[in-house]
Amino acid sequence: MIITIDGPGASGKSSVAQEIARKLGIHHFSTGLLYRAVAYVVMYFVHSDSSNNHAVDIQNIDLSFVSEIQFRFKDGHGLVFFKGIDITEFLFDEALSQSASALSALPEVRHRLLDVQRAVAKDYDVIVDGRDCGSVVFPDADFKFFLTASVESRVQRILKDPNRAHAGHDEQYVSGQLIARDQRDSTRAIAPLVVPQDAVIIDSSDLTFHQTVDKFLEIITKKAG
Ligand code: DC
């Protein structure tokens, strides 16, 4: 079984998907981790000599290293490896979000990560979250969702999320970064963030976490039964 959840940054896709996976006894695969891994490797390995990471010319990076990024489940948790080293714990930094978004617009990055994503779903029943899961990666998924929320709600979630290191930036800064990322993810030429065909749209702006999860489960149970 494949369930996809696409949606903008900080709409709650990952936490919701994780809880649904737990309740349904399937695996959760957050595809954004792979793009974050690309950004992490570029920042700390490929250009480790650069004092200003924003100055990196992403068009001229040798992207062959992307083939050395792997995803595996261990004890039900999704882990990302680079050259065999587990780098998962480093991938949640908000500072990586912008570079992940910029690098994810490169066709070669998307192309190289496509097979990695599809291979994961061959071996497991999964709920996957990302930007193009229902539209490009798994167009034949059993269930497709698009989870969204207002910019204000998403900014508050980032500020309150202990897993997202945001380096003490204030609300205005986080909001500006989020809007810029939404814009970039939705307007890129290849596999932009769109509502996939046949996807159920859920707006969680006024819903609690548990209400949101219940909404998903209600739809899944109804359709499956
Ligand atoms: O879901 P996230 O915030 O961890 O994703 C980080 C960036 O990776 C996001 O801004 C765009 C990119 N991404 C993508 O292009 N396609 C996906 N399926 C998942 C993430």
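The preceding data block contains the structure.
As the structure is a prediction and not an experimental result, all values here were calculated from the model.

How each quantity is defined
Residues numbered from 1 in each chain as written. Predicted model: local features only at pLDDT ≥ 70, side-chain atom pairs only at ≥ 80, totals over all residues. Heavy atoms only, no water. Salt bridge = Lys/Arg side-chain N within 4 Å of Asp/Glu carboxyl O. Helix = DSSP H or I, 4+ residues; strand = E, 2+ residues; numbered from the N terminus. Buried < 20%, exposed > 50% of the residue type's maximum accessible area, 1.4 Å probe, protein only. Contact = heavy atoms within 4.5 Å. Near = heavy atom within 4 Å. Polar contact = N/O pair within 3.5 Å; in protein donor to acceptor, adjacent residues only side chain to side chain. Areas by Shrake-Rupley, 256 points an atom, 1.4 Å probe, with all protein chains shown as cover. Nonpolar A, V, L, I, M, F, W, Y, C, P; charged D, E, K, R; others polar.

Caption draft 1: Up close: the pattern of salt bridges. Tallied over the full model, the rule gives six salt bridges. For arginine 22, the salt bridge goes to glutamate 19, with nearest N and O atoms at 2.9 Å. Of this pair, arginine 22 and glutamate 19 both sit in helix H1 (residues 13–24), three residues apart, which is roughly one turn of that helix. With a relative accessible area of 58%, arginine 22 lands in the exposed category. The salt bridge partner of arginine 154 is aspartate 182, with a shortest N-O separation of 2.7 Å. You can see arginine 154 sitting in helix H6 (residues 151–160) and its partner aspartate 182 sitting in helix H7 (residues 171–187), a full 28 residues away along the chain. By relative accessible area, arginine 154 is classed as buried at 3%. One network of salt bridges, with partners in common, ties together Arg131, Asp185 and Arg188.

Caption draft 2: A look at the environment of phenylalanine 45. Of note, phenylalanine 45 is situated in helix H2 (residues 32–46). A relative accessible area of 46% places phenylalanine 45 in the partly exposed class. Remark: the alpha-carbon pair of phenylalanine 45 and valine 213, spanning 168 residues in sequence, is separated by 38 Å. In this view, phenylalanine 45 contacts Tyr40 and Phe82; residues no more than four positions away in its chain are not counted.

Caption draft 3: Main features of the environment of threonine 221. Topologically, threonine 221 is positioned in helix H8 (residues 209–224). Note: C-alpha distance between threonine 221 and serine 101 (120 residues apart in sequence) is 33 Å.

Caption draft 4: Representation of the site of the ligand. Around the ligand, the surrounding shell holds 14 residues, and the nearest of these are Arg36, Arg110, Arg181, Asp185 and Arg188. For the ligand, an oxygen atom lies 2.8 Å from a polar atom in the side chain of arginine 110. Contacts to the ligand include aspartate 185, whose side-chain N or O atom sits 2.8 Å from an oxygen atom. A total of 450 Å² of accessible area belongs to the ligand in isolation, and the protein chains cover 96% of it. When residues of the shell around the ligand are traced back to their parent elements, those giving at least two are H2, helix H3 (94–103) and H7. The greatest single-element share of the shell around the ligand, amounting to three residues, is contributed by H2. By residue class, the composition of the shell around the ligand is two nonpolar, five polar and seven charged.

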